[in-house]
Amino acid sequence: MEIVVSGIRPTGYLHLGNYFGAIQNFLKMQDENNCFFFIADYHSLTTHPTPADLHGNVKQVLVEYLASGIDPEKVTLYIQSDLPETAELYLLLNMNAYMGELERVTTFKEKARKQPDNINAGLLTYPCLMAADIIIHKAHKVPVGKDQEQHLEMTRTFARRFNRMYNVELFPEPQAFNFGQELIKIPGLDGSGKMGKSEGEGNAIFLAEEPKSIRKKVMRAVTDTGPTSPNSPKSEPVENLFSLLRIVSTPDTVQYFEDQYNSMQIRYGDLKKQLAEDIISFTAPLRERIIEISADDAYLSKVVKIGADKARESAAKTVKDAREIIGFRKF
Ligand code: TYM
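Values in this document were obtained by computation on a predicted structure and should not be read as measured data.

> Please clarify how the nonpolar core should be interpreted in this entry.
Nonpolar side chains in soluble globular proteins tend to end up buried together. Residues Tyr65 and Leu77 are the most contacted members of the largest nonpolar core, which totals 57 residues. Looking at this core element by element, the count peaks at nine residues for helix α13 (residues 268–294). Two domains each donate at least three residues to this core, and these are domain 1 (3–176 + 297–326) and domain 2 (197–291). Other than its neighbours up to four places away in sequence, Leu77 contacts Phe37, Leu62, Tyr65, Leu66, Ile70, Val303 and Gly307. Among the nonpolar cores identified, the runner-up in size contains 40 residues, and Phe38, Leu129, Ile135 and Met154 belong to it.

> Please clarify how the site of the ligand should be interpreted in this entry.
Near the ligand lie 26 residues; those nearest to it are Arg9, Tyr126, Asp133, Asp147 and Ile186. Contacts to the ligand include Asn18, whose side-chain N or O atom sits 3.1 Å from an oxygen atom. For the ligand, whose accessible area on its own is 710 Å², the fraction buried by protein is 97%. The set of elements that each furnish at least two residues to the shell around the ligand consists of β1 (3–8), α1 (16–29) and α8 (126–135). Class assignment of the residues belonging to the shell around the ligand gives a composition of 12 nonpolar, nine polar and five charged.

> Hey, could you run me through the domain arrangement of the protein chain in this one?
According to the domain assignment, the protein chain contains domain 1 (3–176 + 297–326) and domain 2 (197–291). Taking only C-alpha atoms, the centre of domain 1 and the centre of domain 2 are 31 Å apart. At the interface, 14 residues of domain 1 touch 16 residues of domain 2. One can count zero salt bridges joining domain 1 with domain 2. Here domain 1 is connected to domain 2 by four residue pairs in polar contact (both at pLDDT 80 or more). The leading source of residues in the side of domain 1 that touches domain 2 is helix α3 (residues 51–68), at five residues. Here the side of domain 1 that touches domain 2 is built from residues that sort into seven nonpolar, five polar and two charged.

> Just to check I follow, could you spell out the packing of aromatic side chains for this structure?
Given two aromatic rings, one states the distance between the centres and the angle between the planes to describe the pair. In the structure shown here, the tally under the stated rule is 12 aromatic pairs. Residues Phe162 and Tyr166 carry aromatic rings whose centres are separated by 4.9 Å and whose planes lie at 50° to one another, so their mutual orientation is tilted. Here Phe162 pairs with Tyr166, and both are found in helix α9 (residues 149–166), just four residues apart, close to one helical turn. Judged by its relative accessible area of 27%, Tyr166 falls in the partly exposed class. Geometrically, the ring pair formed by Phe162 and Phe171 is edge-to-face, given 5.1 Å between the ring centres and 70° between the ring planes. Take Phe171: its relative accessible area is 3%, and that puts it in the buried class. An aromatic cluster of three or more residues is present, and its members are Tyr19, Phe20 and Phe282.

> What am I meant to see in the layout of surface pockets here?
Over the atoms, a rolled probe matching the size of one water molecule traces out where space is still vacant. Approximately 220 Å³ is the volume attributed to the second largest pocket. Around the second largest pocket sit Leu189, Asp190, Glu201, Gly202, Asn203, Lys212, Ser213, Lys216, Lys217, Arg220, Ala221 and Val222, which together line it. For the lining of the second largest pocket, a count of residues per class yields three nonpolar, three polar and six charged.

> Hey, could you run me through unusual backbone geometry in this one?
Phi is positive for Gln181, close to 75°, though the residue is something other than glycine. Relative to the helices and strands, Gln181 resides in the loop between β5 (175–177) and α10 (211–219). At Asn231, a residue that is not glycine, the phi angle is positive and equals roughly 55°. Structurally, the position occupied by Asn231 is in the loop between α10 and α11 (236–248).

Cut-off values and rules
- Residues numbered from 1 in each chain as written.
- Predicted model: local features only at pLDDT ≥ 70, side-chain atom pairs only at ≥ 80, totals over all residues.
- Heavy atoms only, no water.
- Core = buried A, V, L, I, M, F, W, Y, C linked by side-chain atoms within 4.5 Å.
- Buried < 20%, exposed > 50% of the residue type's maximum accessible area, 1.4 Å probe, protein only.
- Helix = DSSP H or I, 4+ residues; strand = E, 2+ residues; numbered from the N terminus.
- Domains from an automatic or database assignment.
- Contact = heavy atoms within 4.5 Å.
- Near = heavy atom within 4 Å.
- Polar contact = N/O pair within 3.5 Å; in protein donor to acceptor, adjacent residues only side chain to side chain.
- Areas by Shrake-Rupley, 256 points an atom, 1.4 Å probe, with all protein chains shown as cover.
- Nonpolar A, V, L, I, M, F, W, Y, C, P; charged D, E, K, R; others polar.
- Salt bridge = Lys/Arg side-chain N within 4 Å of Asp/Glu carboxyl O.
- Phe/Tyr/Trp six-rings, centres within 6.5 Å; stacked < 30°, edge-to-face > 60°.
- 1 Å grid on protein atoms, 1.4 Å probe; cavity = no way out; pocket = protein on both sides within 12 Å on 5 of 7 lines; lining within 4 Å.
- Points joined across faces, edges and corners; volume = space filled by probe spheres on them.

Right, dumping it as structure tokens:
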């Protein structure tokens, strides 16, 4: 059985990018694989959340995992900081990771630009922590969005380096994974780039968002002045809206708006109305379950406890082996 590992940083509400880039794959994998899905709360410390925000955000992601259909009886669902073994493996990997390669990581460079007053060592060694998360369970597959591709490359580098240094086969080389073959990037509503929480107000649609707010955001999405000739290529903002439509709407609806665009009859207002309603139909049942599960603290604490126990069993064995290989041996 293949081992699958993935995580999400608790930074607030999950958005459609998280859902279609990651969670949808988790759901497809949970029946047939040995899955470990976690909440990457150590990772979120790189942006210095307050203790209250940190705790609230961890709960939110936990609730949203469950509301999406992640089944804690089928998978190991846990909180990263409940697994201190991760921190130990991270320390060990740090010793074999080099400044040059860490400084070249795109997400590090982006973060350093975004938070120039807080370029902490955790940001630099983020790929080591992520590699520790993954190889601690000896994962084969890691379902993630396109933005995580480089981190997976680093993970393979660190796994390979460890094996080679000690002449062992302890860690498999894990692959980033999406069921649709290619890793995906869900666009945001601001006309460029990807859907993301830190990309600014109005760019992301959250799973827990109220219909009124979804309509408002979608109606404000960036477009252009319209097609200039029949069958003309679409501008990036308009292509983004079509990408979202392809995800939440029926093929007939997509075809209808494609035809309207190609014959230059399209009214972006109509497309946005349809897109908003289809997003609402998709998120409404999720939103209901989020509210319901959020109120059940007894259930949540049971899930977290069972997850931590199962995760530690798997992690403790790997760390024990790594320690022995490195030369930490009993007298
Ligand atoms: P994070 O928390 O930023 O995002 C969680 C998951 O959502 C995906 N994602 C997207 N996919 C497609 N389009 C988008 N617009 C979009 N936005 C987010 C991300 O690719 C990711 O799969 N470093 C990770 C968390 C992490 C992790 C791990 C993942 C820590 N340790 C080990 C896998 C394995 C991160 O910051 O993802």
